[in-house]
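Breakdown of the fold
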Amino acid sequence: MRGTHTPQPRGPLTCSFRLVTLFPLAALLAYGAALSGCASVAANTDSRIAAKITVVPETVQFNEVVVGQENSQTLRVTNTSAEAVRLEALRITGKGFSVASGHSPLTLVPGHSALFTVAFIPASAAPVAGALEIEADLGTLSVPLEGSGEKAAPQLQASPSVLNFGTLPVHSAAAQTVTLKNDGNIAISISSIGLPSAAFSISGLSSGTTLSPGQTLQFRVTFQPPVAGVASSGITINSPSLSSPVKLNVSGSGSSSAGSSASGSTTTTSPATSPSVKLSWNGSASSVAGYHVYRGSASGGPYSRISSSTVTALGYEDATVQAGNRYYYVVSALDASGDESAYSNEAAADVPNQ
């Protein structure tokens, strides 16, 4: 079994903008203590309102938003004076910027805040500037808006992209783990998975799975040769967002003779009168005190420990199996302090009927 690891110890802008669109003020009154900070004062901000109202953040920035997609930010407007201030309406400029409409004008009593949201949908990758102007009974307060777009760049990577299972006895099985990562800047949805060879299967990944930018997902590829001979295939992971599918090159061979090994991942069965399963695995590259062996009746667990004491060898024989059943095995490593690693990759064994 592969994958056994040693456990680890546990300033505002001052541009002036023309007013082109008028919206009723969309704000949710937030009854909380006044926030510290200074309002962003643009060239057309009235000093009377700037002395009574603060806006956080001072400048609203939307950096590298994918073209055609929406990003939004919430602003908090706070009355820091000792008198009530009436907010009449919002005006906004700048291509791609918008503010939600909804409520009638409202009055902010001293120490209270209002929340509202500005959205940005870039039409191109060029930078854009604008302003949100808050009209009040004492004058107008201007909040600079900045935005930049970027082109969509979908990218999905599988690691490793080549899997070799070595030689396995016919009808036995071994599994290896693959990590799928969204390295692009848009969400990617899996539409289908191509499995040309019946000797290979995938678990933990299915059509409809969506990965957000930066998200990773681990799934397993299982090789179970139905007949003796070499088996190879190109497993494809398809998405409409990708110009070409992600491809995994997988290979292995089946053997009709018992006792074949698969690079430390082989599970074999003994056809003796009292059936048993012999396991072997590669040792950890770091110093370990030994290993624990676990068994389950379903792929993916749950698993129960079957080794009564720490196993110091790189193999184990399970003599408590029953003929006609399939078993799933994993191994963990222990360090000198007794801390235990995560499970290794899973290996499966079919115990033949006597």
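Looking now at the overall build of the protein chain. Within the protein chain, the secondary structure is distributed over one helix and 28 strands. Across the 354 residues that make up the protein chain, the buried fraction comes to 43%. Counting every atom, the protein chain has about 16700 Å² of accessible surface; 50% of that belongs to carbon and sulfur.

Turning to the sheet that holds strand E13 (residues 162-169), a few remarks are in order. Spatially, four strands are ordered E13-E21-E20-E16 in an open sheet, and the strand pairing comes out mixed. Two strands in the sheet have a free side with no partner beyond their single neighbour: E13 and strand E16 (192-194). Each adjacent strand pair in this sheet contributes to an overall mean axis angle of 20 degrees, direction not counted. The pairing of strand E20 (residues 229-238) with strand E21 (residues 246-255) spans nine bridges and is antiparallel. Across the sheet, Gly 229 pairs through a bridge with Gly 254, a residue of E21.

Time to look at the pattern of salt bridges. For the structure shown, the criterion picks out seven salt bridges. Of the charged contacts in the structure, one is a salt bridge between Glu 88 and Arg 86, with a shortest N-O distance of 3.2 Å. Of the residues examined, Glu 88 reaches a relative accessible area of 27% and is grouped as partly exposed. Given the relative accessible area of 33%, Arg 86 is considered partly exposed. Close ionic contact of Lys 181 with Asp 183 constitutes a salt bridge, the shortest N to O distance being 3.7 Å. Residue class for Asp 183 comes out partly exposed when judged on its relative accessible area of 37%.

Moving on, we come to unusual backbone geometry. In this structure, the amide linkage connecting Val 56 to the following residue, Pro 57, adopts the cis form with an omega of 5 degrees. On the secondary structure map, Pro 57 appears in the loop between strand E3 (53-56) and strand E4 (60-66). The omega torsion of the bond from Ser 159 to Pro 160 falls at -5 degrees, within 30 degrees of zero and hence cis. Within the secondary structure, Pro 160 sits in the loop between strand E12 (156-159) and E13.

Judged from the six bridges that link them, strand E6 (residues 85-93) and strand E10 (residues 128-136) form a sheet pairing that is antiparallel. Opposite Ala 89, over in E10, you have Glu 135 as the bridge partner.

Okay, the packing of aromatic side chains next. The geometry of an aromatic ring pair comes down to the distance between the two centres and the angle between the two planes. For the coordinates displayed, the defined rule picks out eight aromatic pairs. Measuring from ring centre to ring centre gives 4.9 Å for Phe 200 and Phe 223, while their planes differ by 25 degrees; the resulting arrangement is stacked. Of this pair, Phe 200 sits in strand E17 (residues 200-203) while Phe 223 sits in strand E19 (residues 216-223), and the two are 23 residues apart along the sequence. As far as the burial class goes, Phe 200 and Phe 223 line up, both buried. Arranged with centres 5.3 Å apart and planes meeting at 85 degrees, the rings of Tyr 303 and Tyr 343 form a pair that is edge-to-face. Remark: Tyr 343 occurs in the loop between strand E27 (326-334) and strand E28 (347-350) and Tyr 303 occurs in the loop between strand E24 (290-296) and strand E25 (304-305); sequence separation between them is 40 residues.

This paragraph deals with the environment of Thr 167. Summarising the element assignment, Thr 167 is placed in strand E13. A relative accessible area of 27% means that Thr 167 is categorised as partly exposed. For Thr 167, the side chain forms a polar contact with the side chain of Ser 253, separated by 2.9 Å.

Tracing the chain through its elements places Leu 163 in strand E13. Relative accessible area serves as the criterion here: at 1%, Leu 163 is assigned to the buried category. Setting aside residues up to four positions removed in sequence, Leu 163 forms contacts with Gln 176, Val 178, Val 221, Asn 249, Val 250 and Ser 251.

Turning our eyes to something else, we now look at the confidence of the model for the protein chain. Confidence along the protein chain averages 78 in pLDDT terms, with 81% of residues attaining 70 or more. Counting interchain partners and residues more than four positions distant, the pLDDT-below-50 stretch residues 1-43 has 146 contacts. Confidence drops under pLDDT 50 across residues 258-272; counting only partners more than four residues distant or on other chains, this segment forms 54 contacts.

Before going further, it helps to examine the side chain of Asn 345. Among the secondary structure elements, Asn 345 is positioned in the loop between E27 and E28. A residue is classified by how much of its surface remains accessible, and Asn 345, at 16% relative accessible area, is buried. Of the polar contacts made by the side chain of Asn 345, one reaches the side chain of Thr 177; its length is 3.0 Å.

Position of Val 162 relative to the elements: it lies in strand E13. Exposure remark for Val 162: the relative accessible area of 55% places this residue in the exposed category. The spacing of Val 162 and Lys 247 is 85 residues in sequence and 8.9 Å in space, taken between C-alpha atoms.

The rules behind the values
- Residues numbered from 1 in each chain as written.
- Predicted model: local features only at pLDDT ≥ 70, side-chain atom pairs only at ≥ 80, totals over all residues.
- Heavy atoms only, no water.
- Helix = DSSP H or I, 4+ residues; strand = E, 2+ residues; numbered from the N terminus.
- Buried < 20%, exposed > 50% of the residue type's maximum accessible area, 1.4 Å probe, protein only.
- Areas by Shrake-Rupley, 256 points an atom, 1.4 Å probe, with all protein chains shown as cover.
- Pairing = 2+ DSSP bridges.
- Axes fitted to C-alpha atoms, helices over the stretch in contact; angles between N-to-C directions.
- Salt bridge = Lys/Arg side-chain N within 4 Å of Asp/Glu carboxyl O.
- Phe/Tyr/Trp six-rings, centres within 6.5 Å; stacked < 30°, edge-to-face > 60°.
- Polar contact = N/O pair within 3.5 Å; in protein donor to acceptor, adjacent residues only side chain to side chain.
- Contact = heavy atoms within 4.5 Å.
- pLDDT = per-residue confidence, 0-100.

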